[in-house]
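# Observations on the three-dimensional arrangement
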Amino acid sequence: MSTASVRRRVTRRELHSPRSTAAIVVAVLLVLALAWVGTEIVIALLGLPALLVAPADMFASAVNLPEAPAGIVVAAGAVAVVLGLVLIVLGLAPGRRPRHVLETERAATVVDNEVVASALARHASLAADVDPDHTTVSVSKRVAVVDLVPTSGVPVDRADVTEAVDRELAGYGLRQKVSSRVRVRENGKVGA
Amino acid sequence: MNSTNRGLNRLLLLVVGLLLVAVGSAAATAVLLPSVRDGWKASADPIRDQVASWLQATPLGGTGVSWIMPAVLVVIVLAVVLLVAFALRQGRGRTGTVVDESVGEHGQTVISSKVAEEAIQDALSARPEFVASHVTTYRVKRTPTLKVSVTCRRGVSPADASAIVESNLRALDQLLGRELPALVQISGGFRARVSGSTRLQ
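In this report, we go over the structure that sits alongside the text. Bear in mind the structure is a predicted one, so any value in this text is a computation, not a measurement.

Before going further, it helps to examine the interface of chain A and chain B. At the junction of the two partners, chain A supplies 72 residues and chain B supplies 72 residues. The contact between chain A and chain B buries some 6,100 Å² in all, and 68% of this surface belongs to carbon and sulfur atoms. Summed over the three residues of chain A that lose the most area to chain B, namely R13, P66 and R106 of chain A, the buried surface amounts to 13% of that side. A salt bridge links K41 of chain B to E67 of chain A; the shortest N-O distance between them is 3.6 Å. Counting across the chain A and chain B interface gives 24 residue pairs in polar contact (both at pLDDT 80 or more). Taken together, the elements giving at least two residues each to the side of chain A that touches chain B come down to α1 (2-15), α2 (20-46), α3 (55-63), α4 (70-92), β1 (99-102), β2 (108-112), α5 (113-128) and α6 (158-172) of chain A. Top contributing element to the side of chain A that touches chain B by residue count: α2 of chain A, with 15 residues. Sheet analysis places β2 of chain A next to strand β5 (residues 182-187) of chain B, joined by four bridges and oriented parallel.

Now for a nonpolar patch on the surface. A surface patch of nonpolar side chains, amounting to about 440 Å² of accessible area, comprises L8, L11, V15, L19 and V23 of chain B. Its place among the elements puts L11 of chain B in helix α1 (residues 6-32).

Residues and elements named next belong to chain A. Strand order in this open sheet of three strands is β3-β4-β5, and the pairing throughout is mixed. Each edge of the open sheet carries a strand with a single partner, namely β3 (135-139) and β5 (179-184). Within this sheet the neighbouring strands show an average axis-to-axis angle of 15°, counted without direction. Relative to strand β4 (residues 143-148), β3 is paired through five bridges, and the arrangement is antiparallel. Bridging across to β4, T136 finds its partner in D147. Taken strand by strand, α5 contacts β3 and β4, and its axis lies near 145° from that of β3. Contacts from α6 reach β4 and β5 within the one sheet, and its direction differs from that of β5 by about 150°.

Pairing is possible between side chains that carry opposite charge, provided their charged atoms lie close to one another. The full count for this structure, using the stated rule, is 13 salt bridges over all chains. In this structure, the salt-bridge partner of D147 of chain A is R185 of chain A, at a minimum N-O distance of 3.9 Å. With D147 of chain A in strand β4 and R185 of chain A in the segment after β5, this pair connects stretches of sequence that are 38 residues apart. Under the relative-accessibility criterion, D147 of chain A is labelled buried at 15%. Overall, R185 of chain A belongs to the partly exposed group, its relative accessible area being 46%. Between D45 of chain B and R48 of chain B there is a salt bridge; the shortest N-O distance is 2.9 Å. Within this pair, D45 of chain B and its partner R48 of chain B are both found in helix α2 (residues 34-57), separated by three residues, close to a single helical turn. For D45 of chain B, a relative accessible area of 44% puts it in the partly exposed group. Taking relative accessible area as the criterion, R48 of chain B reaches 31% and is therefore assigned partly exposed. Bridged by salt links that share partners, the residues E14, R99 and D112 of chain A together with K147 of chain B form one connected network.

Calculation notes
Residues numbered from 1 in each chain as written. Chains lettered and ligands numbered in written order. Predicted model: local features only at pLDDT ≥ 70, side-chain atom pairs only at ≥ 80, totals over all residues. Heavy atoms only, no water. Contact = heavy atoms within 4.5 Å. Buried area = accessible area lost by both parts, 1.4 Å probe. Salt bridge = Lys/Arg side-chain N within 4 Å of Asp/Glu carboxyl O. Polar contact = N/O pair within 3.5 Å; in protein donor to acceptor, adjacent residues only side chain to side chain. Helix = DSSP H or I, 4+ residues; strand = E, 2+ residues; numbered from the N terminus. Pairing = 2+ DSSP bridges. Patch = residues over 30% accessible without salt bridge, like charges linked within 9 Å, V, L, I, M, F, W, Y side chains within 5 Å. Areas by Shrake-Rupley, 256 points an atom, 1.4 Å probe, with all protein chains shown as cover. Axes fitted to C-alpha atoms, helices over the stretch in contact; angles between N-to-C directions. Buried < 20%, exposed > 50% of the residue type's maximum accessible area, 1.4 Å probe, protein only.

In short, shape yes, function no, at least from these values alone.
See below:
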């Protein structure tokens, strides 16, 4: 049925960046550069003085490049190479977004990692009896790291927290299994 | 979700990146490496003569200028038009109808996507779990597909959020008499962080 293929396509596209921003920026810069060269050509054809550089001078300076000041040419070349490498990486890297897919019946569902983290933080802070502000959770593709700063004098049972977090994670039905890691700080905080 | 051609985006980035690396490294080596530098200088004069002879050989009527320059201009204008079209094509693919069906001799049934969008958004805006919700309709593989984006309050379980949206989608299925493919996007974001947590369990 086509619903399954629509669902697959939509999920795959939601998990990866479309690279639209980078592509639009590059396209706009190219348009500006081309428009400038085009304007210079028109001006040269009309026999008027150039805006910045006449086309003939552009060609001449490219041909006579080795005579140009070495420092400027090398610096400009290095900048171009670095920019080029950044664009190549943007073009080839998968560009995964920080999201997870939920196993659901009706709709394809993607959830931001920060939503999973904030839900886990609530349960971890309840299980550990730690102030929510002293609970930090970060969720990545395969692990959820729970960081707890205990209240001074109140011990935190790490096994309890791990169990609560694992139970929660199992209940979310994430397609990519996420394992938990609970860290309890040595030094507590007074009050709270 | 939208119809953005992602392969084309990546291709543009890749091609421009390769060009920049090639030009940049060519310029740098032409200045730094003596052998490349000498080769560049040696070929400078022949290239200049060659281009000059091309410009001479291609006169434009009696004006005394070559038609190569206007031709380059045309190519530039074409490239600009293509790039602008490319940039404007991003993020399209929304549709205004969810159902468009001819039912025999009695005519046609058309359901606007506003019906589906507003029904779901209305139901979701009443839920305390969500700070915001937004429903749009896209055409994916020629099938109208709903996109339901919800912004959760702090601490809301993704499973609960998904269950709420799914029950609303099922209600819509009943209403329309058919199942529309749907994508649910559950996000947090700035508004979720500053809006305080919910007291629901």
